[in-house]
Amino acid sequence: MLAANADFDPERAETLLRGVGAGNPGNAQAWDLLGSLAVAEEDLETAAGHLRRAVEANPLRILYQLRLAELLLRLDEREEASEKLALLRRWAPRTRLVNLMSGQLEFSKGQY
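The structure reproduced in this document is the subject of the present report.

Cut-offs applied
Residues numbered from 1 in each chain as written. Predicted model: local features only at pLDDT ≥ 70, side-chain atom pairs only at ≥ 80, totals over all residues. Heavy atoms only, no water. Axes fitted to C-alpha atoms, helices over the stretch in contact; angles between N-to-C directions. Helix = DSSP H or I, 4+ residues; strand = E, 2+ residues; numbered from the N terminus. Parallel < 35°, antiparallel > 145°, perpendicular 65-115°, else oblique. Left-handed = near helix turned anticlockwise from the far one by under 90°. Contact = heavy atoms within 4.5 Å. Patch = residues over 30% accessible without salt bridge, like charges linked within 9 Å, V, L, I, M, F, W, Y side chains within 5 Å. Areas by Shrake-Rupley, 256 points an atom, 1.4 Å probe, with all protein chains shown as cover. Salt bridge = Lys/Arg side-chain N within 4 Å of Asp/Glu carboxyl O. Buried < 20%, exposed > 50% of the residue type's maximum accessible area, 1.4 Å probe, protein only.

Now for the packing of helix 3 (residues 44-57) against helix 4 (residues 62-74). At a minimum axis distance of 9 Å, the contact between helix 3 and helix 4 shows a crossing angle of 150°. Between helix 3 and helix 4, the crossing angle belongs to the class labelled roughly antiparallel. Where helix 3 crosses over helix 4, the handedness of that crossing is left-handed. Seen from helix 3, the contacting residues are Leu44, Ala47, Ala48, Leu51, Arg52, Ala54 and Val55; seen from helix 4, they are Tyr64, Gln65, Arg67, Leu68, Leu71, Leu72 and Arg74.

As structure tokens, then:
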């Protein structure tokens, strides 16, 4: 998404976004974008940390919750992923992605 521009400089983008986050820790979008940059760099631990900040800044934004839950599954952090998915099932019980991730979580636990 961000890298679609040929002049895109991920290091500059990260520096700018970190500045926004430092100046306004409640800017969930900045934390979400930092998470996206970290995922693009395959730094999933850092990405999860940024997405946790996005969720903390705006806990009602389902997209941030979904992204964090997906990362937690990839990191095999089942307990926290389970908590996020339980919340998402309450908020959006018919969302196919939530159902898919719930199935992935159960499969990872060996519950087929």
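To continue, consider a nonpolar patch on the surface. Together, Leu60, Ile62 and Trp91 line one region of the surface with nonpolar side chains, adding up to about 290 Å² of accessible area. Its place among the elements puts Ile62 in helix 4. Residue class for Ile62 comes out partly exposed when judged on its relative accessible area of 31%.

The next subject is the pattern of salt bridges. Counted by the stated rule, this structure contains six salt bridges. Between Arg67 and Asp32 there is a salt bridge, and its shortest N-O distance comes to 2.3 Å. In this pair, Arg67 sits in helix 4 while Asp32 sits in helix 2 (residues 28-40), placing the two residues 35 residues apart along the sequence. Overall, Arg67 belongs to the partly exposed group, its relative accessible area being 31%. On the basis of relative accessible area, Asp32 is assigned to the buried category, the value being 7%. Glu70 is the partner of Arg74 in a salt bridge, and the nearest nitrogen-oxygen pair spans 3.8 Å. With Arg74 and Glu70 both in helix 4, this residue pair falls four residues apart, about one helical turn.

Nothing here speaks to function; it is geometry throughout.
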